[in-house]
Structure formats: C-alpha cells, structure tokens
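Chains, contacts and geometry: an overview
Residues per chain are reported as follows:
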Amino acid sequence: MSAKTKQKKMADYITATTDNSKKRVRNNDGDDSESKKSKSTQVDLNQINFDCEKKSAKGLTWNLKIISWNVAGLRAWLKKDVVEYLKKEDPDIICLQEIKCTEKQMPDEAKLPGYKIYINSGDKAGYSGVALYSKTKPISVRMGKEIKDLDDNEGRVIEAEYEQFFLVSTYIPNAGAGLKTLPKRMKWDEAFRKYLKELDTKKPVVLTGDLNVAHEEIDIANPKTNTKSAGFTKEERDNMSLLLEQGFVDTFRTLNPEKTGAYTFWTYFHNSRAKNVGWRLDYFITSKRFMDNVCDSTIRNEVLGSDHCPIVFYINI
C-alpha cells in the first residue's frame, strides 16, 4: 500500500487505541490538547451547593470534608479557574493526583493559604505525582516509596495519619494501551491490598484517588465494548472486588446503589463529556466499620478543570 494509506491506517489505529485505553492527547509540558482553548472554562459556581444536609447512619452531621481530583497536570489545571472552585468548596483536606510536577516546580497559586502541603513526585520528572493539602497537620505522613513491599518510585501514594483514621491518596497504575502493563497492575493491586489491610488493623482507613478501574457495568457508559480496555478488564474489576471483600466499602455506590450516569472521567475524544459517555474511576473507599460515620460521597461532575472531575466526601469523626 502507498505511504499515504499507511499513514492514514496508523492514524486510525492510534485514535481507536487511545480512545479505548482512556489515554489523553497532551503536549510536552503535560497540558491537555483542549486545555489551552480557554483560560476561563469554569461553570457558575454559585449554582453549586457546597454544603451537605445529609446525616450519617448514626444521625450525625458532617464535620470533615475531603475532596479528591485527578488534575492531569497541575500547571495546566491551574489555568482553569480551579482556585476559585477550591475556595468555595473549602475542604479540610485536598487530595490531587497526576500533578506532574515537584514541590519546587509548583506555581505560587498552587500553594493555597491555610493548608499544609505534602508532595510525592516520584523519580521521573513530569510524570504521575500526588499531592495532599491539609488544614490540620497530620500526626505523620508517609510517601509510597517508604511503604514496605509497595513499588512506588513513580509518586503514586501519600499516607496521612490523623487521630481517628488513616487517609491514603493514590493514583493507581493504568494497564496501558493494549494492556501492556496489566501484569504490573496486578502486582501493584496485590501489594496495595496487603498494605491497606495491615493499615486497617491499626485504625479505620479512608482511601481515595484515581483507582483506574470502573468496578461494575453501572460505572461505565459502554461496558459491552470495553471489556478488553484498560480500567475495565475482568482482572482489574476482580481485584477491586477482592479489596472490598477484605472489609472495605465503596462509599458512593453504597449510598447510591442504582444511580446511573455517575462518572468521574471522560475522554477528550468525541465530545464525550457533553454526552456523558464516561467512566467512574475515582473513589472514596473506607473501612466498613467507618461507614456509619459517612454523611455523603458525591461527584462534582459540573466542575471543570481536567478530564476528571472532583469527588467530595463528608464524614463525622
């Protein structure tokens, strides 16, 4: 075939593979291809209710709010009026994933007043990375590379110990295009389960972040066509089930067992967000014995800033 035909076939293949594997088109500095179209792309924040009227199973009102957000590049994310959103949300703790920068590279506008900031940027520059902002100083903080048997040289885990619980923020490895890194993901899941279970013997655990798996068919818009896609393979979904079977609870799905169309990630291709063709990849998971303290676990799908949206957790501690 001609060189032009080969180029077209390769372009079609890359587009299909990228879409199915939820990979994003980015330029070299980590900005999403669509992120530069408008500096101000935020919705009317005044229309969002940032409070929670719901009470826990014990009849308690929330006194702690945590948000989690895969920002897909912190410096690009900051161009989307997200600081104004964070001010209005006013969480006690902020967990960010895929920040793609070190602490030294953080812009001044990312250093939010009133919060103590902890960064796990990993060894590879411009890749992965997680951040934790906390109004209250934790008793202790550990990075993933400090955790025994957890291979975290990519900046994927931050653990913060508070008086009543452990908070673990994570950006779990993707199985990759063509599932090339699925074996790595399987090893990670096993080590991560063991680590969380051990932590749970000491205090209740709140796990949050981009777990890179849509657990059930209800958690993805097109389950039938994505069974071989990273984030929805049987292996990844089974590993999530194994985690929950060991004494943990998916708080959003427990509180919203039949809610459809509840997604936290949308590929930039094919106008997927406007059509709500998405995946629920971001979670708040807690120890089962802590669930009665949970007031709400919700998705801010109207808030813009990356190809993920923030999720919010209200609990009484």
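Structure shown above.
Because the structure is a prediction, the values reported are computed rather than measured.

**Quick look at the pairing of strand 10 (residues 282–287)**
- Strand 10 sits mainly inside the fold: 6 of its 6 residues count as buried.
- Relative to strand 10, strand 8 (residues 205–210) runs antiparallel, the two sharing 5 bridges. Paired with leucine 207 across the strands is isoleucine 285, a residue of strand 10.
- Bridge count for strand 9 (residues 248–250) against strand 10 is 3 bridges, and the pairing is antiparallel. Each bridged residue has a counterpart across the sheet, and for aspartate 250 the counterpart in strand 10 is isoleucine 285.

**Brief notes about helix 4 (residues 182–200)**
- Taking 1.5 Å of rise per residue, the 19 residues of helix 4 would be expected to cover 27 Å, and the 26 Å separating its terminal C-alpha atoms lies within 8% of that figure.
- Within the span of helix 4, buried status applies to Leu182, Arg185, Trp188, Asp189, Ala191, Phe192, Arg193, Tyr195, Leu196, Leu199 and Asp200.

**Structural notes on the packing of aromatic side chains**
- The tally for this structure, following the rule as stated, stands at 10 aromatic pairs.
- Note on tryptophan 62 and tyrosine 314: the rings are 5.1 Å apart at their centroids and 70° apart in plane angle, and the pair reads as edge-to-face. Residue tryptophan 62 is located in the loop between helix 1 (3–20) and strand 1 (64–70), and its partner tyrosine 314 is located in strand 12 (residues 311–315); the two are separated by 252 residues in the primary sequence.
- Since its relative accessible area comes to 22%, tryptophan 62 is described here as partly exposed.
- Look at phenylalanine 284 and phenylalanine 313: their rings are 4.8 Å apart centre to centre, the planes differ by 15°, and that puts the pair in the stacked class. Of this pair, phenylalanine 284 sits in strand 10 while phenylalanine 313 is found in strand 12, placing the two residues 29 residues apart along the sequence.
- Each member of the aromatic cluster is reached from another via a ring pair, and the members are Phe50, Trp69, Trp77 and Tyr85.

**Re helix 5 (residues 234–245)**
- With 12 residues, helix 5 extends 16 Å between its outermost C-alpha atoms, agreeing within 8% with the 16 Å of an ideal straight helix rising 1.5 Å per residue.
- Residues of helix 5 that are buried include every one of Glu236, Arg237, Asn239, Met240, Leu243 and Leu244, and no others. Summarising the axial view, the buried residues of helix 5 lie within an arc of 155°, below the 170-degree limit, and thus occupy one face. Those residues of helix 5 that are exposed and aimed more than 90 degrees away from the buried face are Lys234 and Glu245.

Thresholds applied
For every chain, the first residue of its written sequence is number 1, and the numbers climb from 1 along that sequence. Local features in this predicted model are restricted to residues of pLDDT 70 or higher, and side-chain atom pairs are both shown and tallied only at a pLDDT of 80 or more, whereas totals for entire chains, interfaces and linings draw on every residue. Hydrogens and water are ignored here; the side-chain numbers use all heavy atoms of the structure. For every residue, the accessible area obtained with a 1.4 Å probe (protein chains only) is divided by the maximum for its type, and the residue is called buried under 20%, exposed over 50%, and partly exposed between those limits. Put simply, DSSP marks the helices as runs of H or I at least four residues long and the strands as runs of E at least two long, and each gets a number from the N terminus on. A pair of strands is labelled paired if DSSP reports no fewer than 2 bridges between them. In a helix, the anticipated span is given by 1.5 Å times the number of residues less one. Pairing of aromatic rings covers Phe, Tyr and the six-membered ring of Trp, with a centre-to-centre limit of 6.5 Å; geometry is then stacked below 30 degrees between planes, edge-to-face above 60, and tilted otherwise. Read the arc as the range of directions from the helix axis to the C-beta atoms.

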